[in-house]
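Read off the chains here:
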Amino acid sequence: MTLSDGERARRIGAAIKRYRDQAGMTQREVIAAGFSRAQSTLSSYEKGTRRPTADDLAELDRILITGGALTDLWHSMNRLAGYASWFVGVVEVERESIVIREYAPLYVPGLLQTEGYASAVLSHGPKSHSPEETAEQLEGRMERQRLLTSERCPQLQFVVEEHVLRRPVGGRDVLCAQLGRILELAASPRVTVQVIPMNSVEHHGLDGGFLIFRHPEKGTLAYTETRYSSDPSDEQEVVEGYQTVWANLMGSALPSEASISLISSIREEMELQ
């Protein structure tokens, strides 16, 4: 069963304290040994009131000489949450970002998906996945959406191709519910959805989807993924390239109000079929 964010934080926090005690070190001594966070932050990690990042745990592994045990635990906990091993770092960046921009040329972005739509998408994943693994992935995807109702919800901007909104993934009823969910979320001042109409001319996003994260500590990162891997990058040339593509996509997309009207009309068409 998928562990909640709070339970994962508590288990990892207890492990940090256990290994610190085994090393015979106080929190102050851990900071003095080179841990890059404040003592108050380390304390909150141990109490389970705040989640450490993979980089934090790698530092603690080095300082406490755990043999990588904390990092291994972090990956194990996130695998239990239904995230692919190569995606867990992206989930952490997603949770902490202040702005997330996504171009979606193939399917509705994961953060906007209903459970029914997500189930249909994931059911067409790698054939090697068992029903149990697919169910865990579904739970993980739904868990990610807690971000939408959290106090730290970032500014979310999506550009979606019109054909994505017309493809009956999971069937007509599932698609209608999905379009309704998009309209509901787009009513939030923190969520913007724009649509590139099917009759638009060629544009710069034809080579594939991507995300751009603005992170308070890591800066701006560009992210792409395939079925089996992901490629986050903070290289200036890569980031600037995707930011240029994003600007061009915004120019090709309908304004927000017109996009919402189009989504509403597509939903009405689907309901009448």
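My aim in this report is to walk through the structure given alongside it, one point at a time.

Counting secondary structure elements, the protein contains 12 helices and 6 strands. For a compact globule of 273 residues, the expected C-alpha radius of gyration is about 19 Å, and the protein comes in at 21 Å, within 12% of that figure. The buried share of the protein, reckoned over its 273 residues, is 47%. Surface exposure of the protein reaches about 13800 Å², of which carbon and sulfur atoms provide 51%. Both charge centroids of the protein, one from 29 positive and one from 38 negative side chains, sit 6 Å from each other.

Let us look at the packing of helix H7 (residues 115–122) against helix H8 (residues 131–144). Where H7 meets H8, the closest approach of the two axes is 10 Å, and the angle between their N-to-C directions is 140°. One finds that H7 runs oblique with respect to H8. By crossing handedness, the relation of H7 to H8 is classed as right-handed. In this structure, H7 uses Glu-115, Ala-118, Ser-119, Val-121 and Leu-122 to contact H8, whose residues at the interface are Thr-134, Gln-137, Leu-138, Arg-141 and Met-142. Residue composition of the contact of H7 with H8, by class: 5 nonpolar, 3 polar and 2 charged.

So, on to the sheet that holds strand E5 (residues 219–225). The sheet built from 6 strands is open, its strands ordered E3-E2-E1-E4-E5-E6 with mixed pairing. Across the chains shown, the open sheet's two edge strands, defined by having one partner strand only, are strand E3 (191–196) and strand E6 (230–233). Averaged over all adjacent pairs, the angle separating strand axes in this sheet is 15°, with direction ignored. Examined bridge by bridge, strand E4 (residues 210–215) and E5 share 5 bridges and lie antiparallel to one another. Residue pairing in the sheet places His-215 in a bridge with Gly-219 of E5.

A few words on helix H11 (residues 236–252). The terminal C-alpha atoms of H11 lie 24 Å apart, and with 17 residues this matches the ideal 24 Å at 1.5 Å per residue to within 8%. Turning to H11, its buried residues number three or more, namely Val-239, Val-245, Trp-246 and Leu-249. Considered in projection along H11, the buried side chains sweep an arc of 125° and stay on one side of the axis. Residues of H11 that are exposed and point more than 90 degrees away from the buried face comprise Gln-236, Glu-237 and Gly-251.

Its location among the elements puts Ser-264 in helix H12 (residues 256–272). By relative accessible area, Ser-264 is classed as partly exposed at 25%. On a C-alpha basis, the gap between Ser-264 and Leu-183 in space is 7.5 Å, while along the polypeptide they are 81 residues apart.

Another aspect to go through is the pattern of salt bridges. Counting across every chain of the model gives 13 salt bridges. Close ionic contact of Lys-218 with Asp-55 constitutes a salt bridge, the shortest N to O distance being 3.2 Å. In this pair, Lys-218 sits in the loop between E4 and E5 while Asp-55 sits in helix H4 (residues 54–64), placing the two residues 163 residues apart along the sequence. Overall, the relative accessible area of 37% leaves Lys-218 in the partly exposed class. What you see here is one network of salt bridges that share partners, running through Lys-17, Arg-20, Asp-21 and Glu-46.

Under the definition given, this model contains 3 aromatic pairs. Plain terms: the ring middles of Phe-210 and Tyr-242 are 4.8 Å apart, the flat faces sit at 45° to each other, and that makes the pair tilted. With a gap of 32 residues between them, Phe-210 in strand E4 and Tyr-242 in helix H11 connect regions that are remote in the sequence. Consider the rings of Phe-213 and Tyr-223, whose centres lie 6.4 Å apart with planes at 55°: the pair is tilted. Within this pair, whereas Phe-213 is found in strand E4, its partner Tyr-223 is found in strand E5, the two being separated by 10 residues in sequence. Taken as a pair, Phe-213 and Tyr-223 share a single burial class, namely buried. Here the aromatic residues Tyr-103, Phe-210 and Tyr-242 are joined through ring pairs into a cluster of three or more. It is Arg-18 that lies over the ring of Tyr-19; its NZ or CZ is 5.4 Å from the centre.

The next subject is the nonpolar core. Leu-156, Phe-158, Val-160, Leu-165, Val-193, Phe-213 and Ile-263 are the most contacted members of the largest nonpolar core, which has 38 residues in total. With 7 residues, helix H10 (residues 172–186) is the single largest residue contributor to this core. Among residues more than four places away in sequence, those in contact with Leu-165 are Val-160, Leu-175, Leu-179, Ile-182, Val-195, Ile-263 and Ile-266. Leu-42, Leu-60, Ile-63 and Trp-74 belong to the second largest nonpolar core, which has 15 residues in total.

Cut-offs applied
- Residues numbered from 1 in each chain as written.
- Predicted model: local features only at pLDDT ≥ 70, side-chain atom pairs only at ≥ 80, totals over all residues.
- Heavy atoms only, no water.
- Helix = DSSP H or I, 4+ residues; strand = E, 2+ residues; numbered from the N terminus.
- Rg over C-alpha atoms; globule rule 2.2 N^0.38 Å.
- Buried < 20%, exposed > 50% of the residue type's maximum accessible area, 1.4 Å probe, protein only.
- Areas by Shrake-Rupley, 256 points an atom, 1.4 Å probe, with all protein chains shown as cover.
- Lys, Arg positive; Asp, Glu negative; His and termini not counted.
- Charge placed at Lys NZ, Arg CZ, Asp CG, Glu CD.
- Axes fitted to C-alpha atoms, helices over the stretch in contact; angles between N-to-C directions.
- Parallel < 35°, antiparallel > 145°, perpendicular 65-115°, else oblique.
- Left-handed = near helix turned anticlockwise from the far one by under 90°.
- Contact = heavy atoms within 4.5 Å.
- Nonpolar A, V, L, I, M, F, W, Y, C, P; charged D, E, K, R; others polar.
- Pairing = 2+ DSSP bridges.
- Expected span 1.5 Å × (residues − 1).
- Arc of directions from axis to C-beta.
- Salt bridge = Lys/Arg side-chain N within 4 Å of Asp/Glu carboxyl O.
- Phe/Tyr/Trp six-rings, centres within 6.5 Å; stacked < 30°, edge-to-face > 60°.
- Lys NZ or Arg CZ within 6 Å of the ring centre and 35° of its normal.
- Core = buried A, V, L, I, M, F, W, Y, C linked by side-chain atoms within 4.5 Å.

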